[in-house]
Amino acid sequence: MKKTFLFLVLFCVLSIPATSQVPNQSALSIGQIMRGEDFTGCLPTSIRWSEDSRTIYFSWNPDGDTLRSTYGADRTTGDIRKLTPAETRDLPEDGDESRDHSRKVYASQGDLFLLDRNTSEVRRITNTLERESDPQFSGDQGSVIYRAGNNLYRWSIGDGSTTQLTNFVAGAERSEPTGEQEAWLERDQMAVIGILAERKGEEESRKTREKALEFSRPKAVYLENRQLREMDIAPDLRHVVYHVVVPAGDRNTQVPDYVTGTGYTRELPARAKVGGPQDRHETWIFDRERDTAYRVDPTRIPGIRDKPAYLREYAKDPSAWVDTFEQAREVIIGRPVFSDGGRAVVDIHSEDQKDRWIMTLDRTDGTLRPIDRQHDDAWIGGPGIGWMDRGALGWIDESTVWFQSEESGYSHLYTADVSDGTIRALTRGEFEIQQVRLSRDRKTFYVTSNKQSPFEQHFYHLPAKGGPMVQITRAEGGHEVTLSPDEAWLAVRFSTNTSPWELYVMPNRPGADMKQVTESTTEAFRAYPWQSPEIVFVPARDGARVPASLYKPRDGKGNGAAVLFVHGAGYLQNVHRWWPSYYREHMFHQLLADNGFTVLALDFRASSGYGRDWRTAIYRHMGGADLDDQVDGAAYLVEEMGVDAGRIGIYGGSYGGFLTLMALCTSPGTFRSGAALRSVTDWAHYNHGYTSAILNTPVEDSLAYRRSSPIYYAEGLEGNLLMLHGMVDTNVHFQDIVRLSQRFIELEKENWELAVFPMEGHGFREASSWTDEYRRIYKLFLETLTEAGPPVK
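Since we're looking at a predicted model, the values are computed, not measured.

Conventions we followed
Residues numbered from 1 in each chain as written. Predicted model: local features only at pLDDT ≥ 70, side-chain atom pairs only at ≥ 80, totals over all residues. Heavy atoms only, no water. Helix = DSSP H or I, 4+ residues; strand = E, 2+ residues; numbered from the N terminus. Rg over C-alpha atoms; globule rule 2.2 N^0.38 Å. Buried < 20%, exposed > 50% of the residue type's maximum accessible area, 1.4 Å probe, protein only. Contact = heavy atoms within 4.5 Å. Pairing = 2+ DSSP bridges. Axes fitted to C-alpha atoms, helices over the stretch in contact; angles between N-to-C directions. Parallel < 35°, antiparallel > 145°, perpendicular 65-115°, else oblique. Left-handed = near helix turned anticlockwise from the far one by under 90°. Nonpolar A, V, L, I, M, F, W, Y, C, P; charged D, E, K, R; others polar. Core = buried A, V, L, I, M, F, W, Y, C linked by side-chain atoms within 4.5 Å. Lys, Arg positive; Asp, Glu negative; His and termini not counted. Salt bridge = Lys/Arg side-chain N within 4 Å of Asp/Glu carboxyl O. Polar contact = N/O pair within 3.5 Å; in protein donor to acceptor, adjacent residues only side chain to side chain. pLDDT = per-residue confidence, 0-100. 1 Å grid on protein atoms, 1.4 Å probe; cavity = no way out; pocket = protein on both sides within 12 Å on 5 of 7 lines; lining within 4 Å. Points joined across faces, edges and corners; volume = space filled by probe spheres on them. Expected span 1.5 Å × (residues − 1). Arc of directions from axis to C-beta. Phe/Tyr/Trp six-rings, centres within 6.5 Å; stacked < 30°, edge-to-face > 60°. Lys NZ or Arg CZ within 6 Å of the ring centre and 35° of its normal.

### Some points on the overall build of the chain
What the chain contains, in helices and strands, is 15 helices and 45 strands. The C-alpha radius of gyration of the chain comes to 30 Å, within 12% of the 28 Å expected for a compact globule of 793 residues. Overall, the chain is about 100 × 70 × 60 Å in size when its C-alpha atoms are taken along their principal axes. Within the chain, the fraction of its 793 residues that count as buried is 52%.

Quick look at the structure:
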C-alpha cells in the first residue's frame, strides 16, 4: 500500500504534462525520430560467415515485420534471401577449430555438433535434455572435450564413446566423527553394543569388496561451500584448471514493478551496492593422474601486498605510514590459455583494479611466474586490458605470448618471450589498438585501430614479429569487420555520420574496394538532408583540447540559444565519423539545429578512444575535470559561436544525467536549464565493479564519494531542472532519483520537476516513452532558452 501511494504521488504531483503542441520548424518531428529503427530502417547486425566463406549471414528486417529474421547474402553476386526458421536453427555456431582447420565443434541449443568442413557433413555428438557446452578438441585432435553440469567429458571422434573426466561434487564429503567426545562415544558404543560392532565390520567388508569390483572412476572432488565456474583442461588431458567462487552473500536491491500482467506488484531482483562484501575467487588444479587437487597460490605475486596510494590520505599518523598490507590483496585469475604444447599463461587482475599481471602457470604444482605487471594508481583499463576485456591474450609460438598494455599511455600490442622475459612493443604512437585477432598461420595480427584518426576506426594487418601496420579499409567512417573462415574476405558493417550501418563485403587485402550488400534506410529517413556535425576542439582551462561535435543552426539562422549534450557510460566515445549509438539524440540535435539551437556534444575527460590519461582524469572525482569540460564548452559557445551566455541548456542520460545534475548544482549561472535522464545521484548506491574502480569504496574513500555525488550539492541547485527516470531501472535504480527528490523537497527547492516512466528500465523500449521523454526535454529548452528570461536561480 505504501509503495502504491508513493507511485501515485510521484506520478501525479511531480511529473509535468507532456504536450505535442510545441513550435517546431524542422521537417523532422520528435514522434518520428523517436520511433528508432521504424524510422531509420532496420540495420543489419549479428554478422557471421558460412563455413565455406561464400555466404554472409546477418540479422535484418527490411520489410518491417514484427521480428528480425536471419538473411544470407551471396558474397559474389550480392543476392540476398531470407532463411527459414529451420535453416536458421541449423546454422553452425561459433566454436573450436581443429588444428588443421578442417573440422569445427560447436554447441547449439544445449547439444554438441561436429562439422567436417571438407564435406559439409554435420555429426551430432549429443542429443540430451542436459545442457552440454564449451566443446574443444583435445591436444591429440582425436576427441572432443565438453562440459555438462559441473563436469568435463571426452567424446571419441573415432568410436563415439564417452568418458567422464572429472567428478566435482557439490557440498562436503561425509566425515568421520571429529573431536575427542564424538570419537570416545563411538568407541564406547562399539565396545558395549556387540551388534553395532558386527554390523560396522560387515559394512566395511562390503565397501571393500564393492570398491575392488568397481571400474576406475575419477576421484570425487567436493566443492563444499564453493560454486564452480569455469573449467579448462590441458591439451594432454592430465590437468584441469578450475575456478570456484565463495559467495559473499551481499544484500541486493529489489526494484518494484508496478505495471504487470497479473495486476500485482512484483519485485525485480537487482544488483548490490558498491563497497559491500565481495565474492572470493579461487583457482584450483586437479591432477587426474595423481587424483589430487591443489590451489593456485596468489599470495606470492609481485606487488600483491602493495597498498593503494590514496589510503595515505586517511592515515591517522602519516609519519607511521606503511605502504604494504600484512595480507595479500584479493585477485581474480583468468582462464588459462594453453599453447599447443600445453604451456599455460593467465591474465590476473587485483580485486581493487589497480594491478594486472600476465603470468605463466605451472600446472604441475600451481606455481605462477611473472611475465608482465601493469599497475595504475587510478585503475587498470583500456581496450583489451580492463576488467571487462579479459581474453586479449594468446600464444604466437611455444615461447612467445602476446597481450595489450597501456604502458605508453595508449593501449598497444606487445609480445613477451616467456623464457627470458623479453618484452617487445609491436605498435607505438598516440592511438589505440582496439581489437586484435591472430591469423590462422600465426604470422599476422588482424587489428582494429583508430591510428588514422581518433574519429575513425579502420582494419589493419600487422606482422606478428613486428613491422608496419598495413591499412585495409579506407573509407572515412567506422568499420566493424567480421573475417571469413578462410581469412580471404571481410564482411564490413560501415557507416558515416549521415549514413547508418550497412553491410559491405571486400577482399582482405590492401587497396580492395568495398561493395555494398544491404540498403536498409527508409524513404522517410532518406528524404531529410542530414547534417554531419563539425568536429571542433574546445580549449579547456588546463590547456587540453576537448573534441566535440558541433551542430550549427540550419542556414545560419540561430536563435542565440545552445544545448550541450553529455553522453552516458563515462568511458564511451561519441565524437566520431560513424553512425552513433546515441542515434536518437543525434537526430534530435538535427531537429534542435533546425529550430535555431546550436548543439555541442563533447568527448569530455573519461571518454574512450584517447588513451590512459584521458580515461583516468576523473579518478576520485567524478564531476571534476569532466564537468569543467562542459563549463568550458559553454564558454566556447559564447566566445566562438555567438551564443547568449544566459541561454545555454544541458542534458544527458545515465552518466550524462549525473553530470547534468552536477552542472546545475555546482556551476551557478552557467546553465539556465537541464534535463537529467536516468541519473546517478549518489555513487554510493551504484554497482561495485564500475564505481569502485573510479572512486574506490565509500568506507575507504568517503571523500571521493562525497565530492562526486549530486545529492550532497542539492542546496546549490540553480536553473530549471527536469529529471526523467524509468521506474523499473535495474541499473540506476529509481530509488536514486527518489532520494534526490526528497532532498529537494526538504530544501524547499521549487525549480525542479520529475517525470516517471512506469514500464521502462535503464534503456527505454517503447517509442511512446522515448517520444514523451523528448517532448518534455524539447519543451523545457524551448520555454527556458529561446527568450531572455530572468537571471538564473
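Now, onward.
### Digging into the environment of Gly303
One can find Gly303 in the loop between strand 20 (292–295) and strand 21 (331–333). Linking Gly303 and Ala328, residues 25 residues apart in sequence, is a C-alpha distance of 8.9 Å. Look past the residues within four positions of Gly303 in its chain and what remains in contact with it is Arg329, Trp357 and Arg373.

### Things to note about the sheet that holds strand 9 (residues 132–137)
Within a sheet, each strand pairs with its neighbour through backbone hydrogen bonds, oriented either parallel or antiparallel. Overall, antiparallel pairing links the four strands, which are arranged 9-10-11-12 in an open sheet. Of all the strands in the sheet, just strand 9 and strand 12 (162–164) have a single pairing partner and so form its edges. Each neighbouring strand pair of the sheet contributes to a mean axis angle of 25°, computed without reference to strand direction. Two strands pair when backbone bridges link them, and strand 10 (residues 143–148) and strand 11 (residues 151–156) are joined in this way by six bridges, in the antiparallel orientation. In the strand pairing of strand 11, Ser143 is matched with Ser156.

### As for the packing of helix 10 (residues 625–641) against helix 11 (residues 655–666)
One way to put it is that helix 10 packs onto helix 11 with a least axis distance of 10 Å and a crossing angle of 70°. With respect to their mutual orientation, helix 10 and helix 11 come out roughly perpendicular. Relative to helix 11, helix 10 is oriented so that their crossing is right-handed. Residues Asp626, Leu627 and Gln630 of helix 10 pack against Tyr655, Phe658, Leu659, Met662, Ala663 and Thr666 of helix 11. Of the residues belonging to the contact of helix 10 with helix 11, the class tally is six nonpolar, two polar and one charged.

### Details of the nonpolar core
Membership of the largest hydrophobic core comes to 69 residues, with the highest contact counts inside it found for Leu600, Phe671, Trp683, Leu721 and Met723. In terms of residues, this core owes the most to one element, helix 11, which gives eight residues. With 43 residues, the next largest nonpolar core counts Leu28, Met587, Phe781 and Leu785 among its residues.

### A word on the sheet that holds strand 40 (residues 562–566)
The mixed open sheet is built from eight strands, whose spatial order is 38-39-41-40-42-43-44-45. Every interior strand has two partners, whereas the edge strands, strand 38 (534–539) and strand 45 (752–757), have only one. The mean inter-strand angle of the sheet, taken between neighbouring strand axes irrespective of direction, is 20°. Summarising the sheet, strand 38 and strand 39 (residues 545–551) pair through six bridges and their orientation is antiparallel. Note that in strand 39 the partner of Val538 across the bridge is Val546. Across the face of the sheet, helix 10 comes into contact with strand 38, strand 39, strand 40, strand 41 (598–602) and strand 42 (648–653) while running at roughly 110° to strand 38.

### A few points about unusual backbone geometry
Positive phi, close to 60°, is recorded for Asp555, a residue that is not glycine. One can find Asp555 in the loop between strand 39 and strand 40. In the Ramachandran plot, Glu748 falls in the positive-phi region, its phi being about 60° despite a non-glycine side chain. Within the secondary structure layout, Glu748 lies in the loop between helix 14 (734–746) and strand 45.

### As for the side chain of Asp372
Note that Asp372 resides in strand 25 (residues 367–375). Buried and without a salt bridge, Asp372 has Arg356 as its closest oppositely charged side chain, separated by 6.0 Å. Here the side chain of Asp372 touches Gln374 through a polar contact of 3.1 Å, side chain to side chain. Excluding its chain neighbours within four sequence positions, the residues that come into contact with Asp372 are Arg356, Trp357, Ile358, Phe403 and Ile423.

### Quick word on the confidence of the model for the chain
As a general rule, the predicted coordinates of low-pLDDT regions are not to be interpreted in detail. This prediction gives the chain a mean pLDDT of 93; 95% of its residues lie at or above 70. When the criterion is pLDDT under 50, residues 1–20 qualifies, and its contacts beyond four places in sequence or with other chains add up to 30 contacts. Within the model, pLDDT remains below 50 along residues 789–793, and this stretch shows 11 contacts once partners closer than five positions in the same chain are excluded.

### Here we look at the pairing of strand 19 (residues 280–287)
Every regular strand shows the same layout, with side chains that alternate between the two sheet faces. The element strand 19 is extensively covered by neighbouring structure, given that six of its eight residues are classed as buried. Note that strand 19 and strand 20 share four bridges and pair antiparallel. Of the residues in strand 20, the one forming a bridge with Asp287 is Thr292. Turn length for the strand 19-strand 20 hairpin, with the two strands adjacent in sequence and antiparallel, is four residues, and the turn residue Asp291 shows positive phi of about 55°.

### Some words on empty space enclosed by the protein
Counted according to the given criterion, the structure contains one cavity of 30 Å³ or more. Taken as a whole, the largest cavity holds about 100 Å³ of empty space. In this structure, the largest cavity is lined by 14 residues; those nearest its centre are Ser549, Tyr551, Asn574, Pro580 and His586. Mapped onto the lining of the largest cavity, the elements with two or more residues apiece are strand 39 and helix 8 (583–594).

### Some remarks on helix 14
Think of an α-helix as 3.6 residues a turn; residues three or four steps apart then line up on the same face. When the terminal C-alpha atoms of helix 14 are compared, their 19 Å separation across 13 residues agrees well with the 18 Å that a helix rising 1.5 Å per residue should span. Every buried residue of helix 14 is accounted for by Phe734, Asp736, Ile737, Leu740, Ser741 and Phe744. Burial along helix 14 is one-sided: seen end-on, the buried residues are contained in an arc of 155°. A positive phi of about 60° marks Glu748, the residue just after helix 14.

### Notes on the packing of aromatic side chains
How two aromatic rings sit relative to each other is set out by the distance from centre to centre and by the angle between their planes. Using the criterion set out here, one finds 37 aromatic pairs in the structure. Between Phe588 and Tyr651 the ring centres are 6.0 Å apart and the planes differ by 85°, which places this aromatic pair in the edge-to-face class. Of the two residues, Phe588 is situated in helix 8 and Tyr651 in strand 42; the sequence distance between them amounts to 63 residues. Looking at Phe588, the relative accessible area reads 0%, which means it is buried. Ring geometry for Phe757 and Phe764: centres 5.0 Å apart, planes at 55°, overall tilted. With relative accessibility at 6%, the residue Phe757 sits in the buried group. One aromatic cluster is present, formed by Phe565, Tyr582, Phe588, Tyr651, Phe757, Phe764, Trp770, Tyr774 and Phe781 through successive ring pairs. Lying across the ring of Trp321, Lys307 places its NZ or CZ 4.8 Å from the centre. The cationic tip of Lys451 hangs over the ring face of Phe431; the distance from NZ or CZ to the ring centre is 5.8 Å.

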